[in-house]
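Fold and geometry: a report
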Amino acid sequence: MSAQHEVDEAGIRGQVGKIVEGIRAKDLKALERLYAEDVVSFDVEPPLQHVGIAAKLKNWTNVFTFFEEVDYEVRDLALTVGGDVAFGHCFGRLSGTLKNGTATSGMWVRATFCFRKAGDDWLIAHDQVSVPLDMATGKGVTDLHP
């Protein structure tokens, strides 16, 4: 592994860490700095795709409206880094205390990130969040753990 590759991978891992910090702090401005302006997000909420930074931040606004206190955990982050693009996948879990006072342990989702290098920063150009589908019922399976 080259020295530049190690620096880039560390930078991307740092960006994922900033996602966690931004979510926990409910800090939209911090999250905004992590995404490319033209980000395309395949999130768990309809519609099928959310295009642009405003649409992505609207998703986070919805989360922050729903939760009084929010936590996010990332497990098993794996990265592949190229010259100016990279991708990674992990498991993520959003949990916390809802506005009505109910504590929830959340659910584990599968997350994929595609990064594009912009100067010295790695910005998220695409992300996808999903749960497995039970083919017999057509419903998402949300009780699995990594």
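Let me sum up the structure you'll find in this document.

Criteria and cut-off values
- Residues numbered from 1 in each chain as written.
- Predicted model: local features only at pLDDT ≥ 70, side-chain atom pairs only at ≥ 80, totals over all residues.
- Heavy atoms only, no water.
- Phe/Tyr/Trp six-rings, centres within 6.5 Å; stacked < 30°, edge-to-face > 60°.
- Buried < 20%, exposed > 50% of the residue type's maximum accessible area, 1.4 Å probe, protein only.
- Salt bridge = Lys/Arg side-chain N within 4 Å of Asp/Glu carboxyl O.
- Helix = DSSP H or I, 4+ residues; strand = E, 2+ residues; numbered from the N terminus.
- Core = buried A, V, L, I, M, F, W, Y, C linked by side-chain atoms within 4.5 Å.
- Contact = heavy atoms within 4.5 Å.
- Pairing = 2+ DSSP bridges.
- Expected span 1.5 Å × (residues − 1).

What follows is about the packing of aromatic side chains. Inspection of the entire model under this criterion finds 3 aromatic pairs. Seen from their ring centres, Phe-113 and Phe-115 are 6.0 Å apart, and the 35° between their planes marks the pair as tilted. Take Phe-113: its relative accessible area is 7%, and that puts it in the buried class.

Let us look at the pattern of salt bridges. Applying the stated criterion across every chain, the model contains 10 salt bridges. Asp-71 is the partner of Arg-24 in a salt bridge, and the nearest nitrogen-oxygen pair spans 2.5 Å. With Arg-24 in helix H1 (residues 3–25) and Asp-71 in strand E3 (residues 67–81), this pair connects stretches of sequence that are 47 residues apart. The class for Arg-24 is partly exposed, based on a relative accessible area of 47%. We note a salt bridge from Lys-29 to Glu-32, for which the minimum N-O separation is 3.7 Å. Here Lys-29 and its partner Glu-32 are both found in helix H2 (residues 28–32), 3 residues apart, which amounts to about one turn of the helix. Owing to a relative accessible area of 28%, Glu-32 belongs among the partly exposed residues under this scheme. Residues joined by salt bridges that share partners form a network here, namely Asp-43, Lys-56 and Asp-127.

Mapped onto the secondary structure, Ala-25 falls in helix H1. A relative accessible area of 52% places Ala-25 in the exposed class. Sequence spacing of Ala-25 and Phe-91 is 66 residues, and the spatial spacing of their C-alpha atoms is 20 Å.

Once that is clear, we can look at the nonpolar core. Of all hydrophobic cores here, the largest spans 30 residues; its most connected members are Ile-23, Leu-31, Tyr-35 and Phe-115. For this core, the elements supplying multiple residues, two or more each, are H1, strand E1 (35–42), helix H3 (53–66), E3, strand E4 (85–98), strand E5 (103–118) and strand E6 (121–130). Of all the elements, E3 adds the most residues to this core, at 6 residues.

To continue, consider the side chain of Asn-59. Inspection of the secondary structure puts Asn-59 in helix H3. The class for Asn-59 is buried, based on a relative accessible area of 4%. The residues contacting Asn-59, other than those within four sequence positions of it, are Asp-43, Glu-45 and His-50.

E6 sits mainly inside the fold: 8 of its 10 residues count as buried. The loop that links E5 with its antiparallel partner E6 comprises 2 residues; one of these, Gly-119, has a positive phi angle of about 70°.

This part is about H1. The first and last C-alpha atoms of H1 sit 33 Å apart over 23 residues, in line with the 33 Å expected at 1.5 Å per residue. Packed against the buried residues of H1 are H2, H3, E3, E4, E5 and E6. Lys-26, located one to two residues past H1, shows a positive phi value of around 50°.

Moving on, we come to unusual backbone geometry. Negative phi characterises most residues that are not glycine, and trans characterises most peptide bonds. Cis geometry marks the peptide bond from Pro-46 to Pro-47, where omega comes out at 5°. Counting through the fold element by element, Pro-47 comes out in the loop between E1 and strand E2 (50–51). Positive phi, close to 50°, is recorded for Lys-26, a residue that is not glycine. Summarising the element assignment, Lys-26 is placed in the loop between H1 and H2. Note on Lys-26: relative accessible area 27%, which makes it partly exposed. For Asp-76, which is not glycine, the phi torsion reads 60° and is therefore positive. Relative to the helices and strands, Asp-76 resides in strand E3. Classification of Asp-76 as exposed rests on a relative accessible area of 53%.

The analysis is restricted to geometry; functional conclusions fall outside its scope.
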